[in-house]
Structures are given as C-alpha cells and as structure tokens.
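# Coordinate inspection notes
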Amino acid sequence: MKYTFLIIFIFSLLFSCTNKAEQNNSAEESSTQKIEKLIPQDFAVEMTEVGTFNLIDVRTPQEYNQGSISNAKNINFNNSNFEEQLNKLEKDKPIFLYCKSGGRSAKAVEKAKEMGFERIIELEGGIEKWKDSNVETNHNIE
C-alpha cells in the first residue's frame, strides 16, 4: 500500500513538471521572432501575401537613387541614426530588408532582431539577385 501511494506521488510530480515545461515552451514559442531569408521569387510572393509591411532598402542614398524596389524606404545601414530610424517602424508589422548583395541586410536583420521586430524577412542576394531573377511583380525596380 505504501508503495502504491509512493508510485502515484512520483507520477503526479513527473506529469506536473512535464505540463509546466510544455506550458513554458509554448509561451516561448509564441514570443519568438520569425526570421526568414528568401530568394527573390519567394520574397515577392511574401510581400503580396502579408498585407501591410515595411520594405527597407539599407543601402546608401546614392545606391538607392540608382534603383530600388518600388515602395521601399531608404534607411542607410551605415548612417549613425540607423537604429533610431528603424525604431520608428511598427515592430508587429513584417519588415522586409535588402541591400546590394546581402552583407548589410544580414547585419540589419541582427539589429532588427535585437530591437524586437516580430517578423523579419531578408532578400537573399540583395537587389542584384532581384534584378537577375526577372521577378514578375508589382514591386519593380524604380
């Protein structure tokens, strides 16, 4: 009889700890950020499917003026006020980031992650790969 109570007690402890661990994991999952790196075709499709979003070109103004994806806002990653400008954006809206070939946008992704953006999408290969891919979209190079 003693052993029966002991076994029941041990099982109840195990199951209560497991349930608490599962609850903690689900809470962490719901608060985690979603970070994606997409090829141009998928990047374009995602922009058409998400509704409202921020499209950020992190190149210099000179590079941006040579052609950018339509409706992209230029926030120069190399500028000292980059974080300040990024911080003005709504963190619950997806943020699409790109640069020339992927180096600066990868760094911008890390900054956006640190700043708490919920969903961050990076264009793999940057605008160079976008141009080479001949993506059919309403987001063309301007």
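Structure: above.
Residues numbered from 1 in each chain as written. Predicted model: local features only at pLDDT ≥ 70, side-chain atom pairs only at ≥ 80, totals over all residues. Heavy atoms only, no water.

### Focus on the packing of aromatic side chains
Inspection of every chain in the model, using the stated rule, returns four aromatic pairs. With a centroid separation of 5.1 Å and 85° between ring planes, the pair formed by Phe43 and Phe96 is classed as edge-to-face. Taken together, the positions of Phe43 in helix H2 (residues 40-49) and Phe96 in strand S4 (residues 95-98) put the pair 53 residues apart, joining distant regions of the chain. When sorted by exposure, Phe43 lands in the same class as Phe96, which is buried. Here a set of aromatic residues connected by ring pairs shows up, and it is made of Phe43, Phe53, Phe96 and Trp130. For Lys91, the ring lying beneath its charged end belongs to Phe117, and the centroid distance is 5.3 Å. (Phe/Tyr/Trp six-rings, centres within 6.5 Å; stacked < 30°, edge-to-face > 60°. Helix = DSSP H or I, 4+ residues; strand = E, 2+ residues; numbered from the N terminus. Buried < 20%, exposed > 50% of the residue type's maximum accessible area, 1.4 Å probe, protein only. Lys NZ or Arg CZ within 6 Å of the ring centre and 35° of its normal.)

### Observations concerning unusual backbone geometry
You will see that Asn71, though not glycine, has its phi angle at about 70°, which is positive. Relative to the helices and strands, Asn71 resides in the loop between helix H3 (61-65) and strand S3 (73-74).

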